[in-house]
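Given next are the chains, with one letter for each unit.
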Amino acid sequence: MRISIAADENVGVALAVIEELRKRGHEVTLHGALEPDERDDWAWASETAARDVAEGRADQAVVCCWTGTGASIAANKVPGVRAALCVDAYTAEGARKWNDANVLALSLRLTSRAQLSEILDAWFGGVVSDDPGDRANIAHVGEIG
(Lines give C-alpha, C1' and ligand atoms only; values in the text may rest on other atoms or scores of the structure.)
Protein backbone atom coordinates (compact mmCIF):
# COMPACT_ATOMS: atom_id res chain seq x y z
CA MET A 1 0.00 0.00 0.00
CA ARG A 2 1.17 3.57 -0.73
CA ILE A 3 1.10 5.68 2.42
CA SER A 4 1.99 9.35 2.83
CA ILE A 5 3.40 10.30 6.21
CA ALA A 6 3.55 13.83 7.57
CA ALA A 7 4.93 15.19 10.82
CA ASP A 8 5.78 18.67 11.97
CA GLU A 9 8.69 17.49 14.13
CA ASN A 10 11.08 14.53 14.31
CA VAL A 11 10.11 13.74 17.90
CA GLY A 12 8.14 11.03 19.65
CA VAL A 13 7.08 8.28 17.26
CA ALA A 14 7.65 10.28 14.05
CA LEU A 15 10.53 8.12 12.85
CA ALA A 16 9.01 4.96 14.32
CA VAL A 17 5.95 5.41 12.08
CA ILE A 18 8.18 5.33 9.00
CA GLU A 19 10.12 2.33 10.27
CA GLU A 20 6.97 0.40 11.24
CA LEU A 21 5.21 1.04 7.93
CA ARG A 22 8.24 0.06 5.88
CA LYS A 23 8.65 -3.07 8.01
CA ARG A 24 5.04 -3.95 7.14
CA GLY A 25 5.87 -3.66 3.43
CA HIS A 26 4.24 -0.32 2.68
CA GLU A 27 5.66 2.22 0.24
CA VAL A 28 5.99 5.52 2.08
CA THR A 29 6.14 9.13 0.92
CA LEU A 30 7.45 11.62 3.45
CA HIS A 31 6.25 15.17 4.12
CA GLY A 32 6.88 18.05 6.49
CA ALA A 33 9.76 17.61 8.95
CA LEU A 34 10.35 14.15 7.46
CA GLU A 35 11.26 15.66 4.07
CA PRO A 36 14.03 18.31 4.25
CA ASP A 37 12.80 20.28 1.23
CA GLU A 38 9.25 20.81 2.52
CA ARG A 39 7.62 23.20 4.95
CA ASP A 40 7.35 21.42 8.30
CA ASP A 41 4.41 23.26 9.91
CA TRP A 42 1.60 20.88 10.85
CA ALA A 43 -1.08 22.52 8.72
CA TRP A 44 0.99 22.44 5.52
CA ALA A 45 2.50 19.01 6.09
CA SER A 46 -0.85 17.39 6.94
CA GLU A 47 -2.58 19.04 4.00
CA THR A 48 0.10 17.73 1.64
CA ALA A 49 -0.24 14.14 2.88
CA ALA A 50 -4.04 14.36 2.76
CA ARG A 51 -3.94 15.68 -0.82
CA ASP A 52 -1.83 12.65 -1.76
CA VAL A 53 -4.78 10.50 -0.67
CA ALA A 54 -7.48 12.67 -2.23
CA GLU A 55 -5.61 12.89 -5.54
CA GLY A 56 -4.70 9.18 -5.72
CA ARG A 57 -0.95 9.38 -5.11
CA ALA A 58 -1.40 7.47 -1.85
CA ASP A 59 -3.93 4.92 -0.63
CA GLN A 60 -3.85 6.27 2.92
CA ALA A 61 -1.90 8.72 5.06
CA VAL A 62 -0.60 9.09 8.58
CA VAL A 63 -0.38 12.67 9.85
CA CYS A 64 1.29 13.62 13.12
CA CYS A 65 1.71 16.66 15.31
CA TRP A 66 2.27 17.21 19.03
CA THR A 67 -1.34 16.36 20.01
CA GLY A 68 -2.57 15.05 16.65
CA THR A 69 -5.49 17.46 16.76
CA GLY A 70 -4.13 20.09 14.37
CA ALA A 71 -2.94 17.42 11.94
CA SER A 72 -6.41 15.85 11.88
CA ILE A 73 -8.16 19.21 11.44
CA ALA A 74 -5.91 20.19 8.53
CA ALA A 75 -6.26 16.81 6.83
CA ASN A 76 -10.05 16.89 7.18
CA LYS A 77 -10.21 20.18 5.26
CA VAL A 78 -9.18 18.30 2.10
CA PRO A 79 -12.26 17.06 0.22
CA GLY A 80 -12.50 13.27 0.19
CA VAL A 81 -10.40 12.82 3.31
CA ARG A 82 -11.77 11.27 6.48
CA ALA A 83 -9.03 11.71 9.08
CA ALA A 84 -9.34 10.18 12.55
CA LEU A 85 -7.23 11.04 15.58
CA CYS A 86 -6.57 7.67 17.20
CA VAL A 87 -5.02 7.23 20.63
CA ASP A 88 -5.63 3.49 20.94
CA ALA A 89 -6.36 0.38 18.90
CA TYR A 90 -10.10 0.42 19.63
CA THR A 91 -10.45 3.93 18.20
CA ALA A 92 -8.40 2.98 15.13
CA GLU A 93 -10.50 -0.12 14.49
CA GLY A 94 -13.72 1.89 14.83
CA ALA A 95 -12.43 4.68 12.58
CA ARG A 96 -11.82 2.19 9.80
CA LYS A 97 -15.00 0.16 10.41
CA TRP A 98 -17.62 2.85 10.97
CA ASN A 99 -16.03 5.87 9.30
CA ASP A 100 -13.99 4.37 6.44
CA ALA A 101 -11.22 6.70 7.61
CA ASN A 102 -8.41 7.04 5.10
CA VAL A 103 -6.05 9.23 7.13
CA LEU A 104 -4.75 8.25 10.55
CA ALA A 105 -3.80 11.14 12.84
CA LEU A 106 -1.42 10.49 15.72
CA SER A 107 -0.10 12.44 18.67
CA LEU A 108 3.69 12.64 18.73
CA ARG A 109 3.47 13.37 22.46
CA LEU A 110 1.10 10.65 23.64
CA THR A 111 1.70 7.69 21.32
CA SER A 112 4.22 5.15 22.62
CA ARG A 113 5.92 2.64 20.35
CA ALA A 114 3.78 -0.15 21.84
CA GLN A 115 0.60 1.85 21.22
CA LEU A 116 1.78 2.68 17.71
CA SER A 117 2.11 -0.98 16.84
CA GLU A 118 -1.34 -1.76 18.28
CA ILE A 119 -2.94 1.19 16.52
CA LEU A 120 -1.41 0.21 13.16
CA ASP A 121 -2.48 -3.42 13.63
CA ALA A 122 -6.06 -2.29 14.23
CA TRP A 123 -5.99 0.32 11.45
CA PHE A 124 -4.71 -2.02 8.76
CA GLY A 125 -6.70 -4.99 10.07
CA GLY A 126 -9.90 -2.99 10.11
CA VAL A 127 -12.63 -3.82 7.65
CA VAL A 128 -15.08 -1.16 6.53
CA SER A 129 -18.63 -1.97 7.61
CA ASP A 130 -21.13 -2.92 4.94
CA ASP A 131 -24.07 -2.09 7.21
CA PRO A 132 -26.45 0.18 5.25
CA GLY A 133 -26.69 2.67 8.12
CA ASP A 134 -22.90 2.91 8.40
CA ARG A 135 -22.54 3.29 4.62
CA ALA A 136 -25.22 6.04 4.63
CA ASN A 137 -23.35 7.96 7.35
CA ILE A 138 -20.06 7.70 5.44
CA ALA A 139 -21.75 8.89 2.23
CA HIS A 140 -23.41 11.77 4.05
CA VAL A 141 -20.10 12.97 5.47
CA GLY A 142 -18.87 13.28 1.87
CA GLU A 143 -21.89 15.47 1.05
CA ILE A 144 -21.47 17.90 3.95
CA GLY A 145 -20.09 21.30 3.04
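Attention here is on the structure that accompanies the text. The structure displayed is predicted, hence computed values, not measured ones.

What counts, and at which threshold
Residues numbered from 1 in each chain as written. Predicted model: local features only at pLDDT ≥ 70, side-chain atom pairs only at ≥ 80, totals over all residues. Heavy atoms only, no water. Pairing = 2+ DSSP bridges. Helix = DSSP H or I, 4+ residues; strand = E, 2+ residues; numbered from the N terminus. Axes fitted to C-alpha atoms, helices over the stretch in contact; angles between N-to-C directions. Salt bridge = Lys/Arg side-chain N within 4 Å of Asp/Glu carboxyl O. Buried < 20%, exposed > 50% of the residue type's maximum accessible area, 1.4 Å probe, protein only. Right-handed = clockwise from strand over helix to strand, strands pointing away.

## Topic: the sheet that holds strand β2 (residues 27-32)
- Pairing in this open sheet of five strands is parallel, and the strands run β2-β1-β3-β5-β4 from one edge to the other. Of all the strands in the sheet, the pair left with one neighbour each is β2 and β4 (83-85). Strand-to-strand twist in this sheet, taken as the mean axis angle between neighbours without regard to direction, amounts to 20°.
- Relative to strand β5 (residues 103-107), β4 runs parallel, the two being bridged by three bridges. Bridged to Leu85 within β5 is Ala105.

## Examining the pattern of salt bridges
- This model, assessed by the stated rule, comprises eleven salt bridges.
- In this structure, the salt-bridge partner of Asp41 is Arg39, at a minimum N-O distance of 2.6 Å.
- A relative accessible area of 32% places Asp41 in the partly exposed class.
- For Arg96, the salt bridge goes to Asp100, with nearest N and O atoms at 3.4 Å. As far as burial versus exposure is concerned, Arg96 and Asp100 are alike and both buried.
- One salt-bridge network, in which partners are shared between bridges, spans Glu20, Lys23, Arg24 and Asp121.

## Structural notes on the pairing of β2
- By the bridge criterion, six bridges tie strand β1 (residues 2-7) to β2 in an arrangement that is parallel. Residue pairing across strands places Ala6 opposite His31, the latter belonging to β2.
- One crossover worth recording links β1 to the parallel β2 by way of helix α1 (residues 14-23), and it is right-handed.

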